[in-house]
Amino acid sequence: MSAVRVLIADDQALIRAGLAMVLGAQPDIEVVGEAQDGIEAVALASAHRPDVVLMDVQMPRMDGLEATKELVTSGSGIRVLVLTTFDLDAYAFGAIEAGASGFLLKDSDADDIVAAIRAVAAGDAVLAPRVTSELLRRFGALSRAAEEPARRARDEDRRAAAARLQVLTDREREVFDALVQGLSNAEIAERLWLSESTVKTHVGRVLQKLGMRDRVLAVVFAFRNGLTDQG
């Protein structure tokens with residue numbers, strides 16, 4: 001099995017060096033390049049064709065949001081894993097909507113970052129539960145603070161979104177509600193008294209029925225349309 005090729009994009013040299021050291025120590029991961037801004041990340045991704053780009057959000061010249069958009073729309077198949085801090089949550093959500101395959105906190109454990117890269121390279125999506133809950137809490141607060149006319153204008157879209165969920169069975173709706181809270185398959189299995197393999201099957205069916213690429217988009221969909229109780 002070939003190694004997962006990773007490009008690291010971060011404007012802080014020490015962070016790049018630390019990530020490169022951690023990832024380079026893994027037998028199944030190869031660091032193929034390091035970029036200090038979004039423009040360089042896009043250029044190096046084109047030159048080296050990594051499987052995964054570990055993307056910082058706030059960088060000079062071109063930020064991680066714009067770089068993610070360029071990589072995803074290029075049709076290269078390169079997957080992006082966004083590293084974020086809570087004070088940059090709006091940018092992180094934008095990157096997810098741009099097509100990133102997930103997001104993690106910058107202070108995540110090394111093991112979590114390694115596991116996330118492997119998962120993304122395998123075609124899965126990664127949601128750090130703590131990040132998901134915080135994002136939804138903060139955006140929920142912004143939504144509640146919005147003016148009444150703006151809320152009324154969104155009602156029709158939300159009703160349409162809720163109607164889309166009618167295609168789900170009761171069990172699939174339970175799985176949907178759990179996954180948009182950022183729960184892993186193991187955590188959903190524990191909550192619903194199911195096996196992980198059964199949960200994985202349900203998640204796949206939910207995403208297929210809703211026409212969503214991965215569970216990251218399910219979170220965005222739920223947040224945008226007021227379909228979550230988080231926050």
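The structure we're discussing is the one just above.
All of the points below concern the structure found in this document. (Residues numbered from 1 in each chain as written. Predicted model: local features only at pLDDT ≥ 70, side-chain atom pairs only at ≥ 80, totals over all residues. Heavy atoms only, no water.)

**Here we look at helix 9 (residues 185–192)**
An α-helical segment advances 3.6 residues per turn. Residues three or four places apart therefore align on the same side. Just so we agree on the cut-off: Here's how the labels work: a residue is buried when its accessible area is under 20% of the maximum for its type, exposed when over 50%, partly exposed in between, all with a 1.4 Å probe on protein chains only. Runs of E in the DSSP output that reach at least two residues are strands. Runs of H or I that reach at least four are helices, and both are numbered from the N terminus. Read the arc as the range of directions from the helix axis to the C-beta atoms.
For helix 9, the complete set of buried residues consists of Asn185, Ile188, Ala189 and Leu192. Down the axis of helix 9, the smallest arc covering the buried residues is 100 degrees, so these residues share one side. One or two positions beyond helix 9, positive phi appears at Trp193, with a value near 60 degrees.

**A word on unusual backbone geometry**
Despite not being glycine, Arg49 shows a phi value in the positive range, around 50 degrees. Locating Arg49 in the fold gives a position in the loop between helix 2 (38–48) and strand 3 (52–56). Given the relative accessible area of 48%, Arg49 is considered partly exposed. Unlike most non-glycine residues, Trp193 shows phi in positive territory, near 60 degrees. Mapping Trp193 onto the fold places it in the loop between helix 9 and helix 10 (196–210). You can call Trp193 exposed: its relative accessible area is 79%.

**With respect to the nonpolar core**
We count it as follows: Take the buried residues of types Ala, Val, Leu, Ile, Met, Phe, Trp, Tyr and Cys, join any two whose side-chain atoms come within 4.5 Å, and each joined set is a nonpolar core. Residue contacts are counted whenever heavy atoms from the two residues lie within 4.5 Å of one another.
Leu165, Phe176, Leu179, Val180, Ile188, Leu210 and Ala218 are the most contacted members of the largest nonpolar core, which totals 22 residues. Those elements that provide at least two residues to this core are helix 8 (170–179), helix 9, helix 10 and helix 11 (215–224). It is helix 10 that contributes the most residues to this core, 5 residues altogether. Beyond its immediate sequence surroundings of up to four residues, Leu165 is in contact with Arg173, Phe176, Leu210, Phe221 and Leu227. Counting residues in each nonpolar core, the second largest holds 19 residues, with Ala9, Val53, Ala100 and Phe103 among its members.

**A word on the side chain of His202**
Looking at the secondary structure, you find His202 in helix 10. Non-local contacts of His202, meaning those with residues more than four positions away in its chain, are made with Arg171, Glu172, Val175 and Leu194.

**As for helix 10**
Selection rule: For a helix, the expected span equals 1.5 Å multiplied by the number of residues minus one.
Compared with the 21 Å implied by 1.5 Å per residue over 15 residues, the 21 Å span of helix 10 between its first and last C-alpha is a close match. Within helix 10, burial applies to Val199, His202, Val203, Val206, Leu207 and Leu210. Each buried residue of helix 10 lies within a common arc of 130 degrees when the element is viewed along its axis, so the set occupies one face. Turned more than 90 degrees off the buried face of helix 10, the exposed positions are Ser197, Lys200 and Gln208. Of the residues flanking the end of helix 10, it is Gly211, one or two places downstream, whose phi is positive at about 65 degrees.

**Observations concerning the environment of Val52**
In this fold, Val52 is placed in strand 3. Judged by relative accessible area, Val52 falls into the buried class, the value being 0%. Note: C-alpha distance between Val52 and Arg118 (66 residues apart in sequence) is 9.0 Å. Discounting residues that sit within four places of it in the chain, Val52 has contacts with Val4, Arg5, Val6, Leu7, Arg79, Leu81, Ile117, Val120 and Ala121.

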